[in-house]
Every structure is written in C-alpha cells, then in structure tokens.
Amino acid sequence: MLKIIFENVLTIFLAVIAVFFLVHLVPGDPAQVMLGERATPEAIESIRKELGLDKPMLTQLGSFFVRLSEGDLGRSIRSGHRVIDEVKTRLPATIELSVLSLFIALVIGVLLGMLAAKKPGGLMDLFLGAFSVLGLSLPIFFLGLLLALVFGLWLDWLPLSGRLGYSVSYEPQTGFVLLDAILYGDWDLFKSGIEHLILPAFTLATVPMSMIARLTRASLIESLRADYVRTARAKGQSEWKIFFKHALRNAMLPVITMTGFQFGLLLGGAILTENVFAWPGMGRWLVFSVEGRDYPALQGAILVFATGIVIVMALTETIHHRADPRLKISS
Amino acid sequence: MKRWHFYLGGFLVGGLTILAIFAPFIAPYDPLLDFRGFENHAPSLSRLGGHIFFLGTDALGRDLLSRLIYGARYCLLMGCFSVLLAASIGVPLGLYAGYHPRFDAIISKASDILMSFPAILIAIMIVAVLGPGLVNAIIAVGLTSIPIFIRLTRAQVKAEAKRDYVKAAEALGVRNTRILFRHIFPNITSPLLVVVSLSLGTAILESASLSFLNLGATPPLPEWGSMIRSGMESFLSTNPWISIFSGFCIFLNVLGFNLLGDALRDRWDPMLRIRDG
C-alpha cells in the first residue's frame with residue numbers, strides 16, 4: 001500500500017516538473033511566442049513579469065510548487081480567467097462523457113465477450129474477432145464523424161455537436177448536466193443532455209469495448225476450463241449457475257483491473273472525440289490552448305489529465321490487491 | 001490459420017507503398033492545382049469541362065482522388081520516420097536495460113510511467129513545445145513510441161542473455177557492448193520486426209490524429225488527417241465525401257499494418273502458436 005502511494009506521488013511530482021519545464025523548453029522567448037509576433041515590448045515585459053519568467057529558474061520552480069499547493073494554476077492568456085475556474089467549468093463535461101462511455105463499454109463489452117466465450121469459433125466469436133480488428137484500426141475521430149453524419153445529419157435523430165440545445169436554459173450547480181437535471185427535476189434539460197451525450201459516448205466507448213470484450217472472452221474461456229467448474233458440474237449444478245456464479249465471477253477480476261489500467265487510453269480518445277463533437281470539455285480546451293499558445297492553460301489541462309490518470313491507476317491497483325488475496329501472498 | 005491476415009495486410013501495405021512511390025504517375029491531376037468553378041463537386045463519372053473528377057473536388061476545386069493518392073506519401077513518410085526515430089532510440093536503451101540491471105531499474109520505470117499516459121497527450125505536449133507542423137508531429141509521434149521498443153527489446157534481451165552463446169561470449173571476455181550489438185541483437189530482429197509493423201499502424205493513426213487536431217501536417221498538404229478536418233469544418237452537410245474517403249484511406253492502411261503485424265507475430269512467436277493450438 002505504501003509503495004503504491006509513493007510511486008504515484010512520484011509520478012505526479014515528475015509530471016509537475018515536466019509541465020513546469022514545458023514553458024522553458026519552447027525555442028525562443030516564451031513570452032514572445034505566447035503573444036505572437038506583433039506584440040509590443042511592454043506587453044511582453046508584463047507577461048514575463050506575471051509569469052515570473054524574469055526570475056532565476058530555481059525560484060520559478062519553487063514558486064510554481066507553492067502556487068500549485070494553494071490550488072493556483074495562474075491565468076489563461078487568451079481568456080484572462082483563472083485557469084482553475086476554467087478547469088471547474090470543463091472538467092465535469094469530460095467526466096460525464098468518460099463515465100457514460102466506460103459504462104457503455106463495460107455493459108456491451110462484457111455481454112459480447114460472454115456470447116463469444118459460450119461457443120468459441122461460433123458466429124458470435126467471429127463477429128467479435130472482426131469487431132476488435134475494426135476497433136484497433138478505425139481512427140476514433142473518423143468513427144465519430146461517420147456516426148455524426150449518419151445519425152446527426154442524414155437521419156436527423158440526434159444533435160450533431162455541443163453539450164446542450166439552444167432552447168434549454170441551464171444554471172450549472174454541480175456542472176454535470178444530467179445530475180443537475182435530476183436535482184432540478186428538469187425533464188427537458190435531461191433529454192437535451194442525454195441526446196447530446198449519446199453519439200460522443202458511443203464513439204468513445206468503441207475502443208475500450210472491443211478490448212473489454214476480448215478480455216472477457218479470453219478470461220471466461222480460461223475459467224470455464226478450470227477445476228472448480230468441473231467440480232461444480234460434478235456436483236450437478238445447473239449450467240446457468242456454473243456460468244454466472246462460478247466462471248463469470250472469477251473471469252471479471254482481470255477485466256475490471258485491465259479496464260482501470262487502460263483509463264489513459266480512454267482519456268486519449270476523449271481528447272479526439274471532444275474535438276469531433278465540439279464537446280466543451282478538457283480535451284477540446286487542451287487543443288485550443290496549444291493552438292493559441294496559451295501555456296498557463298495548457299499546463300493546467302495537462303496537470304488535470306495526469307492527476308486523473310494517476311488517481312484512477314492507484315485506485316485500480318488498490319482494488320486489484322484487495323480483490324485477489326493470492327497477490328498478497330506472492331508480494 | 002491467419003494466412004489471410006498476411007495476404008490482406010500485405011496487399012494493403014503494398015498498395016500504399018506503390019501509391020506513395022508512383023503518385024505522380026497514378027494521380028490524374030496535381031494535388032495542389034485548384035480548378036476554379038469546379039468547387040465542391042460530388043463524386044461522378046461524367047465529364048466536367050473536359051475533366052473527370054472520379055471522387056469529386058474539395059472546397060478549393062482540387063481533385064480529391066489526386067489528393068488522396070498523394071496523401072499516401074505523407075501517411076507513409078510520417079509513419080516510417082517516426083517509427084525509425086522510436087526504434088533508433090528505444091532499441092539501444094532496451095538492449096542496455098535488458099543486460100545491465102542498474103540501467104534497467106531507471107529505464108523500465110521511466111518507460112512504465114510514460115506508457116501509463118495516453119500517447120496522444122504526450123504527443124500534444126511535445127507539439128506544444130516544438131510548435132505544430134509536419135516534422136514536429138513526426139518527432140512527437142516518434143518520441144511517444146519509444147517505450148514500446150524499450151519494453152520489447154528488454155524482454156527479448158533478458159531471454160537471450162540466458163542462452164549458451166551469450167555465456168560463452170562472456171566467458172571469452174567479449175566486451176558487453178559487443179555482446180549486445182553483435183551477438184544478441186541479430187537474434188532478436190524477428191520479434192522487433194513484428195513491433196515495427198504494429199507500431200507503424202499506431203504511428204500512422206497517431207500522426208493522422210495530430211493532423212486532425214490541426215497540430216500536425218497543415219493544409220494545403222494533402223495529408224489524410226488534415227483533409228478529414230477541412231472536410232468536416234467546411235462542407236460536411238453538402239460534400240461529406242472528402243472526410244469519408246480520407247478517413248477510409250487511414251483506416252485501410254492502419255488495418256494493413258495491424259494485420260501484417262499480427263501475421264508476422266504468429267509466425268515468429270512460437271509460444272503463441274502453441275497456445276493458440
């Protein structure tokens with residue numbers, strides 16, 4: 001347990017250092033790069049002062065850590081708002097999208113894997129094989145675009161982009177549209193929120209879904225061959241009970257932990273998906289910040305992503321160790 | 001069993017290579033030439049003012065088919081150079097990590113940490129430092145692929161180092177560097193080739209993603225990722241073909257490299273062959 005905490009703190013520490021040096025590695029004068037070629041010398045000087053670029057490197061690093069510990073990530077150059085406030089408005093959108101995608105991926109993925117494992121080499125198994133090759137090779141932004149084209153434009157069933165329709169009014173309380181809609185009891189808001197969420201969530205779910213399905217299949221086939229399944233069968237238990245109670249339960253552990261460890265993959269996909277559907281989350285903001293050379297915003301966005309990944313990894317590792325007593329003995 | 005993987009993968013990759021090399025002979029028009037008055041045409045076989053635009057034209061009246069054919073060059077260029085960069089840094093690091101335990105602790109930990117973050121996030125970080133562009137995207141994608149090469153090379157070296165020929169070389173007092181590069185390295189090239197093929201697929205996907213995000217190759221270059229973007233931004237409702245065809249090209253090529261990598265792995269990984277029965 002201590003080892004897990006230490007390693008993750010170290011990773012976050014390294015991420016902070018990398019993010020700090022991001023600005024300093026930029027070729028040329030960072031202040032000039034941020035403001036563009038037409039900036040006046042006074043403006044450059046004031047940015048340099050504001051970001052502390054005129055002080056010695058170690059002092060800068062020290063004050064960067066002090067500010068971080070106070071939750072201060074600086075101010076965005078483009079918008080002028082505090083970076084932490086920008087994160088607060090965007091992070092819930094990304095979390096909402098990722099959580100729903102993960103849910104879709106888990107439910108459909110496990111179901112597909114179960115059906116394939118029931119009859120290896122059968123029709124469902126072949127379908128799963130083709131699906132996972134597709135999932136690995138189809139660019140996620142292209143898939144999103146196709147879905148938007150078919151369901152948004154041609155069939156006109158779902159909205160093309162954004163998070164909410166223009167006609168609904170929304171006062172963010174928690175920042176999560178669906179949660180707020182339930183809290184307010186606002187049915188129109190909920191409908192608009194879920195309609196906008198379906199296409200991006202399905203797009204983002206495909207890659208983890210194919211991975212989860214393959215893992216479930218492999219893990220189930222292995223546990224169906226295990227001795228405890230043979231024992232259960234010898235005891236005369238029903239096939240139904242053997243499948244769900246003995247085999248599936250044991251097969252799910254590696255699936256859950258692998259899903260947790262692949263959380264980074266999901267966030268990487270979220271960056272692309274958000275840009276296809278103009279989803280106002282962290283990924284879209286990250287790309288805007290790079291395009292606009294808005295380094296304080298960029299630093300904030302990367303730190304949030306890195307912290308999120310590290311937290312999920314640490315949680316997964318803890319659950320993994322708790323759930324499987326064999327690991328405790330071996331370590 | 002996976003023979004068709006090999007043939008289909010080989011066909012797709014071979015097709016891409018031929019298109020890339022012979023683009024000027026195959027493409028009907030110059031990919032940068034805009035035909036004024038023929039903007040945003042849908043695919044058709046009919047003659048328009050003496051020209052045939054099989055796959056239609058884009059917003060500036062450029063022939064889409066020609067742009068897609070030339071796009072093969074950028075796709076292959078970005079994929080190959082980034083994998084070359086990744087292999088030339090990752091393989092030596094992996095060789096040392098597999099052979100020297102002290103090196104191993106640092107290098108493995110570093111590559112583990114890097115691998116826990118999504119490649120596209122790290123690539124975006126690198127582009128943020130270097131600035132957007134074709135060459136910088138290649139560097140970014142190359143650097144993010146290094147850990148895969150380190151990990152595989154290290155594992156292979158660890159297995160090889162127990163073999164008799166390595167022990168014999170050690171007993172003879174051959175220098176470590178020589179053992180690594182002259183004795184071990186030639187014996188691990190086949191598994192490395194599998195990784196090269198699989199990471200080419202990933203690298204193409206990743207560089208197209210960067211271009212799609214406007215951080216890699218930028219217009220007017222006929223690069224597929226950026227073509228999807230410009231097709232999506234301007235004329236998705238009237239002329240979705242630009243994005244559809246460009247996306248399909250990326251998909252076919254990534255699929256090609258993935259299938260080829262799979263087939264090669266089955267061939268060279270005897271453990272896998274036994275397990276799969």
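Residues numbered from 1 in each chain as written. Chains lettered and ligands numbered in written order. Predicted model: local features only at pLDDT ≥ 70, side-chain atom pairs only at ≥ 80, totals over all residues. Heavy atoms only, no water.

**As for the overall build of chain B**
Across its full length, chain B carries twelve helices and two strands. Taken from N to C terminus, the helices and strands of chain B fall in the order α-α-β-β-α-α-α-α-α-α-α-α-α-α. When its C-alpha atoms are laid out on the principal axes, chain B stretches across 80 × 45 × 30 Å. The buried share among the 277 residues of chain B stands at 52%. At a minimum sequence separation of 6, the contacts of chain B that also span at least 24 residues come to 70%. (Helix = DSSP H or I, 4+ residues; strand = E, 2+ residues; numbered from the N terminus. Buried < 20%, exposed > 50% of the residue type's maximum accessible area, 1.4 Å probe, protein only. Contact = heavy atoms within 4.5 Å.)

**Concerning the confidence of the model for chain A**
Detailed reading of the predicted coordinates is not advisable wherever pLDDT falls low. Looking at chain A as a whole, the pLDDT averages 84, with 98% of positions reaching at least 70. Confidence, expressed as mean pLDDT per element, reaches its minimum in chain A at helix α15 (residues 325-330) of chain A with 62 and its maximum at helix α5 (residues 83-118) of chain A with 91. (pLDDT = per-residue confidence, 0-100.)

**Details of the interface of chain B and chain A**
Counting from both sides, the interface comprises 36 residues of chain B and, opposite them, 40 residues of chain A. For the pair chain B and chain A, the two sides together bury roughly 3,400 Å², of which 83% comes from carbon and sulfur. Together, M125(B), V129(B) and F251(B) form the three largest contributors to the area buried by chain B at its contact with chain A, with a combined 17%. Seen at the junction of chain B and chain A, the total is one salt bridge. The partner of E7(A) in a salt bridge is K109(B), and the shortest N-O contact between them spans 3.4 Å. (Buried area = accessible area lost by both parts, 1.4 Å probe. Salt bridge = Lys/Arg side-chain N within 4 Å of Asp/Glu carboxyl O.)

**Quick notes on a nonpolar patch on the surface**
All names here are of chain A. A contiguous nonpolar patch, built from F103, V107, I108, I198 and F202 and spanning about 420 Å² of accessible area, is present on the exposed surface. Listing elements by their share of the nonpolar patch, those giving two or more residues are α5 and α9 (187-224). In terms of residue count, α5 provides more of the nonpolar patch than any other element does, three residues in total. Mapped onto the fold, V107 is located in helix α5. Accessibility expressed as a relative area gives 44% for V107, which makes it partly exposed. (Patch = residues over 30% accessible without salt bridge, like charges linked within 9 Å, V, L, I, M, F, W, Y side chains within 5 Å. Areas by Shrake-Rupley, 256 points an atom, 1.4 Å probe, with all protein chains shown as cover.)

**What to know about the nonpolar core**
Judged by nonpolar contacts, the single largest core of 156 residues is most densely connected at I271(A), L286(A), I124(B), L210(B) and W224(B). By residue number, the principal contributor to this core is helix α3 (residues 64-99) of chain B, which donates 14 residues. Other than its neighbours up to four places away in sequence, L210(B) contacts I120(B), A123(B), I124(B), V127(B), A137(B), A140(B), V141(B), L215(B) and G216(B). Counting residues in each nonpolar core, the second largest holds five residues, with Y29(B), F35(B), F38(B) and F53(B) among its members. (Core = buried A, V, L, I, M, F, W, Y, C linked by side-chain atoms within 4.5 Å.)

**Considerations on the packing of aromatic side chains**
The full count for this structure, using the stated rule, is 15 aromatic pairs over all chains. Ring geometry for Y96(B) and F103(B): centres 5.8 Å apart, planes at 45 degrees, overall tilted. Among the residues examined, Y96(B) registers a relative accessible area of 24% and is labelled partly exposed. Classification of F103(B) by relative accessible area gives partly exposed; the value is 41%. Cation over ring: K118(A) sits above F243(A), and NZ or CZ is 4.8 Å from the ring centre. When the ring centre of F212(B) is taken as origin, the NZ or CZ atom of R229(B), which lies over that ring, is 5.4 Å away. (Phe/Tyr/Trp six-rings, centres within 6.5 Å; stacked < 30°, edge-to-face > 60°. Lys NZ or Arg CZ within 6 Å of the ring centre and 35° of its normal.)

**What to know about the packing of helix α1 (residues 3-21) of chain B against helix α11 (residues 241-268) of chain B**
Residues and elements named next belong to chain B. Contact pair α1 / α11: the axes reach a minimum separation of 7 Å and the direction vectors enclose 135 degrees. In terms of axis orientation, α1 runs oblique to α11. Where α1 crosses over α11, the handedness of that crossing is left-handed. Counted together, H5, F6, L8, G9, G10, L12, V13 and L16 of α1 and L252, N253, L255, G256, F257, L259, L260, D262, A263 and L264 of α11 form the full contact between these two elements. Its residues placed into classes, the contact of α1 with α11 shows twelve nonpolar, five polar and one charged. (Axes fitted to C-alpha atoms, helices over the stretch in contact; angles between N-to-C directions. Parallel < 35°, antiparallel > 145°, perpendicular 65-115°, else oblique. Left-handed = near helix turned anticlockwise from the far one by under 90°. Nonpolar A, V, L, I, M, F, W, Y, C, P; charged D, E, K, R; others polar.)

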